Amino acid sequence: MNERRVVITGIGVVTASGIGIEELFENLCRKHCSIKRIDMFDPSGFACQIAGQLEGFSARKYTPKSYRKAVKVMARDIEIAVAAADLAIRDAGIITRGIDEQNVNIDSSRFGSNIGAGLMCTDLDELGIAVNTSVTDGKFDFKKWGREGMENLTPLWLLKYLPNMLACHVTIIHGAKGPSNTITCGEASGHLAVGEASRVIARGWVDVNIAGGAESKVHPLHLLRQDLLGRLTTTHNDNPTEACRPFDANHSGTVIGEGGGLLLLEDHDRAVNRSARIYAEVVGFGTRCDPNGVNFLNPPSSSALTRAINSALADAQIAPEQVDLVIPHGSGVPAEDVAEAKAIHQALGQHAQNVPVCPLTGSYGNLFAGAGAVALAVAATALYKQTIPPAVNYETPDEACNLNINREPIQKEINYVLSTASSIGGQYAAVVLKKYE
Amino acid sequence: MTRRRVVITGMGCVTPLGHDVESTWSALLAGKSGISKTELFDAETFPSTFSAQVKNFQLPEPLAKSGVHDLAGRQAKFALAAALEAWTQSGLDKSDQYNPDRTGIYLGAGEGSLDFDNFTSLLIDAWNNGKLDTCKWAKLAYERFEIHREQEQEANMVLSHLANQFGIEGPAINILTACAASTQAIGEATMIIRRGDADVMMTGGAHSMIHPYGVTGFNRLNALSTKNDEITTASRPFDLTRDGFVLGEGAGILILEDYEHAKNRGANILAEILGYGSSADAFRITDQDPNGEGAAAGMKAALEDANLKPEQIDYISAHGTSTPQNDTVETKAIKAVFGEFAYKVPISSIKSSLGHLIAAAGVVEAISCVLAIRDQILPATMNLKIPDPQCDLDYIPNEPRKATVRVTMSNSFGFGGQNNTIIIGKI
């Protein structure tokens, strides 16, 4: 089939270890960890009290003046996406109406978006103030709530937390009027969004597509849920920088981070015609699901991810031996790390023992719907700089994983990077990026 | 370039008018209303006291005995029942040509509801001096919350249940573009088959926002009808006196299949997906583009994808929410795309009977398009008594109409401006 080539020409990342890809990549290379005790609320009642929080972050700086009052109806997840979009678009040298209304250099109808999102929860104080106006004898009073209590909520309350609002605010700010999608597949969302968005360019529906995801689970309800799932490390409250240790023998769970990333994907010919800087080419995408994923308390299996990787390699038309670097999800949950490692072994065969693998969560935590796009941003930058960053907190190999986890930055020739993702519930995705030549 | 054709070989739905396709369709043609007083919780003093609820629903026996779905969310249970109906109709359950790795799922399924009683009582019990005491909240939350009730709220869990029940192992994606989600899912599932990444796709959507915070959210936006004294006729798309949509719930599932694959296994082909178009308003989070440019762009893109002229469309299943804004904007957009022919093409909104199923709305409307083609009859826009001068097209008021129906268009526009249109034709 005759498909158009898709390249990455802009990157916007927002993580606790760096805002903007230069800062993040530098911090990764010096094995910086930004995980700390949570201070967005008092975490002392929780078994896990640490996270990768964005310090002093607001989307205001990344929002045009005329739209700045809308920031107050953006949940933090949306703010992260808005910031990432601004960074990615500027990085690509594209001028949208949100950057400079007088000098727009993009056809808005050929500009799409696909931004993955998580399940957002209302701010508890915001809802609590309203709920506590409607209490009779210590219990919630529906009659009072219906008559007047609900009026204590801002009229736009619902819109603050709808998952499609990440994409909607970004499209409104930047005038992106092409197809717009919102993928909600947990931690696989970022890879799925980038994969799907690249297909939309490949089939010729848009020339530019902004894709990725963002999420903030630094919230009491999310912290509780992840702990009830048994996924969080609860033994590192006193040494948070050593907490998240994917594929290390002492991995004991994941750590919540907040953040996300957006990639500016572009039709190859358009990028070349405007002499854009090209980070990498998107050459392979595969997705598969595990019918047993619904039993989410059971250890995950590896077969669906293996099939997703096989599918992505076939899509890229490369052999397993051609993969020069793997950026896995690497949540740090022991059973998840083992399943992911097993899938890499099954898909890459002998090559799995040698190929450098670089998990990123040790530095800034698990970004959930925001994780995949940041992983792919780092993958693209590794190809562009021909540099493999090191993993943070990898000291003692977990024999059950048996991967060549990269410990120090390496400069070497790399042509293909494979990145993998999985969701709680059984959806898996793999993306292959190629050095641009 | 020849591209793979994508056909529909199975359909299922659970709606406020019935627990399957045929009962929903016959109730629609009989002009019945699925709207009643809200019974899922006490909404007596809410600005809107009514909704379009799925009544007396229980998981059908073959699904209930699996044991895996007992703790699934309400929307996931609707989706399971709809999927069972669709899967059975497709015959794939008995086919020796079923390949799990070549079968995928692309859903526009909504999130589940919060565990209302526990969640709300915690906000009260851990409230201290105008602020939440998160330490106390955590202590109580560990005692009260149950992980299945929490995890099943994730929108991707609907997909997980379907994959489990039907042994599906191929491409798997859930999207949530508000009210446009299931139409977009059908469109994107079509693209996956066309590209050759799967031979069969289960697609559609499911949603239930009829819970206290869902209704609160829409009431605060002034999006819902408050005609509490005329509830069964409150949803009146294109009528001058319309005042908002009626919140509904339900699910719809289609089995899409590569045409050659369907033909080779002797499947009963119901209709073909001819085109898909998608666009964004990029206007405002609260309002549609008043000129309907975004909506028009989606329709135009779908026509182009189907390689059809506007005059070849025999029926438009409108988004037609019954909000003052949508119905005017949609009318403008149809005129922009269809020109003079806009006055000739019959249009209706089955939301007049079903209410608005949010993420699941589009797929149920797509099913009604397939049935219109099968039975050569167009469902009506009910409760359209007083024409709105700004809505001056043929909306098939109040009575279904016999017609020659070969090609149909179905529109869905999401809150925030994500627009999607699909075109379904006779095979």
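Residues numbered from 1 in each chain as written. Chains lettered and ligands numbered in written order. Predicted model: local features only at pLDDT ≥ 70, side-chain atom pairs only at ≥ 80, totals over all residues.

(A) Examining the domain arrangement of chain B more closely. By the assigned domains, chain B splits into domain 1 (6-113 + 153-425) and domain 2 (116-148). Computed over C-alpha atoms only, the centres of domain 1 of chain B and domain 2 of chain B are separated by 37 Å. (Domains from an automatic or database assignment.)

(B) Region of the structure containing the interface of chain A and chain B. Each partner contributes residues to the interface: chain A has 74 residues there, and chain B has 75 residues. The biggest single contributor to the side of chain A that touches chain B is helix 3 (residues 124-131) of chain A, with six residues. A breakdown of the residues in the side of chain A that touches chain B according to their chemical character gives 37 nonpolar, 28 polar and nine charged. (Contact = placed C-beta atoms within 7 Å. Helix = DSSP H or I, 4+ residues; strand = E, 2+ residues; numbered from the N terminus. Nonpolar A, V, L, I, M, F, W, Y, C, P; charged D, E, K, R; others polar.)

(C) Summary view of the pairing of strand 17 (residues 416-422) of chain A. Residue and element names in this part refer to chain A. Most of strand 17 sits inside the fold, with seven of its seven residues counted as buried. Burial along strand 17 is two-sided: the residues Tyr416, Leu418, Thr420 and Ser422 and Val417, Ser419 and Ala421 are all buried. Of the strand pairs in this sheet, strand 12 (residues 325-327) and strand 17 are connected by three bridges, and their pairing is parallel. Looking at strand 17, one finds that Val326 is bridged to Leu418. (Buried ≥ 20, exposed ≤ 12 C-beta atoms within 10 Å, placed from the backbone. Pairing = 2+ DSSP bridges.)

(D) Molecular detail of the sheet that holds strand 9 (residues 249-258) of chain B. Residues and elements named next belong to chain B. What the ten strands build is an open sheet, ordered 7-4-8-9-1-10-16-15-11-12; its pairing is mixed. The outermost strands of the open sheet, each flanked by one partner alone, are strand 7 (172-174) and strand 12 (347-348). In terms of strand pairing, strand 4 (residues 103-109) meets strand 7 through three bridges, oriented parallel. When the sheet's bridge partners are listed, Leu107 is paired in strand 7 with Asn174. Set on the sheet, helix 11 (residues 293-306) makes contact with strand 10 (271-280), strand 15 (407-413) and strand 16 (418-425); between it and strand 10 the angle comes to about 145 degrees. (Axes fitted to C-alpha atoms, helices over the stretch in contact; angles between N-to-C directions.)

(E) Up close: the pairing of strand 10 of chain B. All names here are of chain B. Taking burial as the measure, the ten residues of strand 10 include ten buried ones, the bulk of the element. Judged from the eight bridges that link them, strand 10 and strand 16 form a sheet pairing that is antiparallel. Residue pairing in the sheet places Gly275 in a bridge with Ile423 of strand 16.

(F) Quick peek at the nonpolar core. Grouped together as the largest cluster of nonpolar side chains are 307 residues, with contacts concentrated most on Leu263(A) and Ala79(B). Taken domain by domain, the makeup of this core includes at least three residues from each of domain 1 (6-113 + 153-425) and domain 2 (116-148) of chain B. The contact partners of Ala79(B), leaving out residues within four places of it in the chain, are Ala109(B), Val158(B), Leu162(B), Ala206(B), Ala251(B) and Ile253(B). (Core = buried A, V, L, I, M, F, W, Y, C linked by C-beta atoms within 7 Å.)

(G) Structural detail: the environment of Ala76(B). All names here are of chain B. In this structure, Ala76 sits in helix 3 (residues 74-90). Ala76 sits in the buried class, given 27 other C-beta atoms within 10 Å. Through-space distance from the C-alpha of Ala76 to that of Tyr343 is 40 Å; in sequence the pair is 267 residues apart. Here Ala76 is in contact with Glu152, Met157, Val158, His161 and Ala206, once residues within four sequence places are set aside.

(H) A look at the packing of helix 4 (residues 116-125) of chain B against helix 5 (residues 134-144) of chain B. Residue and element names in this part refer to chain B. Put simply, helix 4 and helix 5 touch, their axes get as near as 10 Å, and they point 155 degrees apart. As judged from the angle between their axes, helix 4 and helix 5 are roughly antiparallel. By crossing handedness, the relation of helix 4 to helix 5 is classed as right-handed. On helix 5, the residues that touch Asn118, Leu122 and Asp125 of helix 4 are Trp137, Leu140, Ala141 and Arg144. Considering only residue class, the contact of helix 4 with helix 5 consists of four nonpolar, one polar and two charged. (Parallel < 35°, antiparallel > 145°, perpendicular 65-115°, else oblique. Left-handed = near helix turned anticlockwise from the far one by under 90°.)

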